[in-house]
Amino acid sequence: MSLQRTLSIIKPDAVGRNITGSINARFEQEGLRITAQKMMFLCRSQVEKFYEIHRDKAFYDSLCEYMSSGPVVVQVLSGEDAVARNRRIMGATNPANAEIGTIRRDFGQNVEQNAVHGSDSVENAEKEIAFFFSKLELMP
Ligand code: DAT
Ligand code: MG
């Protein structure tokens, strides 16, 4: 176990349905602390850069269109094993395959509009946090 931080995004479908508080309650109930948070309306080119790793996937274009379709909440979640813990709280990418009680199962609409993003490794978490937050916005 180690103290980690991870990058989370509450996606446009969840922000649009006004359920950011319900989602944040899940993080807090499951032992993660929100240590930075802001609402942003990302433009297409920012999203394209963030999801660069998926550039060759068939869903890339639609994903970028969707993620720039409305405001999102970007946040840093901190705690013991935060990266893996958040992935467990989120559930599988496709809400239909996600375990009952996970955010995606309970709040996701479909494989694209699946309510939340979460970093998949400690290394990517640090890169993704740096993508959205300046040092001034982060806890020392
Ligand atoms: P995750 O968000 O669980 O890390 P990922 O990194 O493989 O999943 O994909 C990034 C996002 O792209 C995912 O949250 C939703 C979208 N996506 C993934 N697979 C998809 C598919 N088969 N069809 C449509 N969108 C998809
Ligand atoms: Mg991913």
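Sequence order sets the numbering: in each chain, residues are counted from 1 along the sequence as written. As a convention, the first chain written is A and the first ligand written is 1, with the rest following in written order. Reporting in this predicted model follows two pLDDT cut-offs: at least 70 for local features of residues, and 80 or more for side-chain atom pairs to be given and counted; totals over whole chains, interfaces and linings ignore these cut-offs and use all residues. Each side-chain value is derived from all of the structure's non-hydrogen atoms; neither hydrogens nor water enter the calculation.

Can you lay out the site of ligand 1 for me, pointing to particular residues and giving the numbers?
In the region of ligand 1, the neighbouring residues are Lys 11, His 54, Phe 59, Leu 63, Arg 87, Thr 93, Arg 104, Val 111 and Asn 114. One of the side-chain nitrogen or oxygen atoms of Arg 87 is found 2.9 Å away from an oxygen atom of ligand 1. Compared with its free state, where it exposes 520 Å², ligand 1 has 74% of that area covered by protein. Along the lines of polarity and charge, the residues of the shell around ligand 1 split into 3 nonpolar, 3 polar and 3 charged. Nearness of a residue to a molecule or strand requires only that one of the residue's heavy atoms be within 4 Å of it. Two N or O atoms form a polar contact when they lie within 3.5 Å of each other; inside protein one atom must be a possible hydrogen donor and the other a possible acceptor, and for residues adjacent in sequence the pair counts only when both atoms belong to side chains. Note on areas: Shrake-Rupley, 1.4 Å probe, and residue coverage restricted to the protein chains presented here. Amino acids outside the nonpolar list (Ala, Val, Leu, Ile, Met, Phe, Trp, Tyr, Cys, Pro) and the charged list (Asp, Glu, Lys, Arg) are all regarded as polar, and Gly is one of them.

Just give me the short version of the layout of surface pockets, but keep the residues and values in it.
Each pocket or cavity is described by its volume, and for the largest pocket that value is around 610 Å³. Buriedness for pockets is judged along seven lines, at least five of which must meet protein on both sides within 12 Å for an open set on the 1 Å grid over protein atoms alone, while cavities are sets there where a 1.4 Å probe fits but cannot get out, and lining residues have an atom within 4 Å of a point. In terms of lining residues, the largest pocket is bounded by 25 residues, among which Tyr 51, Ile 53, His 54, His 117 and Glu 128 are the most central. Elements with a contribution of two residues or more to the lining of the largest pocket: helix H3 (44-50), helix H5 (82-90), strand E4 (116-118) and helix H7 (122-132). Its residues placed into classes, the lining of the largest pocket shows 9 nonpolar, 7 polar and 9 charged. Grid points are joined across faces, edges and corners, and a volume is the space filled by probe spheres set on the points. Helical segments are the DSSP runs of H or I of at least four residues, strand segments are the runs of E of at least two, and each set is numbered from the N terminus.

Requested: an account of the pattern of salt bridges, with residues and values cited.
Here a salt bridge means any side-chain nitrogen of Lys or Arg lying within 4 Å of a carboxyl oxygen belonging to Asp or Glu. The tally for this structure, following the rule as stated, stands at 9 salt bridges. Of the charged contacts, one joins Asp 13 and Arg 17 as a salt bridge, the two residues approaching to 3.2 Å between their closest N and O atoms. Three exposure classes are used, based on accessible area relative to the maximum for each residue type with a 1.4 Å probe and protein chains only: buried under 20%, partly exposed in between, and exposed over 50%. Judged by relative accessible area, which is 7%, Asp 13 ranks as buried. Classification of Arg 17 as partly exposed rests on a relative accessible area of 33%. The network of salt bridges with shared partners includes Arg 44, Glu 48, Asp 61 and Glu 65.

Mind laying out the nonpolar core, listing which residues take part and the relevant values?
Residues belong to one nonpolar core when they are buried, are Ala, Val, Leu, Ile, Met, Phe, Trp, Tyr or Cys, and are joined through side-chain atoms within 4.5 Å. Membership of the largest hydrophobic core comes to 19 residues, with the highest contact counts inside it found for Leu 7, Ile 9, Tyr 51, Met 67, Phe 132 and Phe 133. For this core, the secondary structure elements donating two or more residues are strand E1 (3-10), H3, helix H4 (60-67), strand E3 (72-80) and H7. Contacts are assigned to residue pairs with any non-hydrogen atoms lying within 4.5 Å of each other. Ignoring anything within four residues of it in the chain, the contact list for Tyr 51 reads Lys 11, Tyr 60, Leu 63, Met 67 and His 117. Counting residues in hydrophobic clusters, the runner-up holds 16 residues, among them Ile 10, Leu 32, Leu 77 and Ala 115.

Bear in mind that shape data such as this cannot, by itself, settle questions of function.
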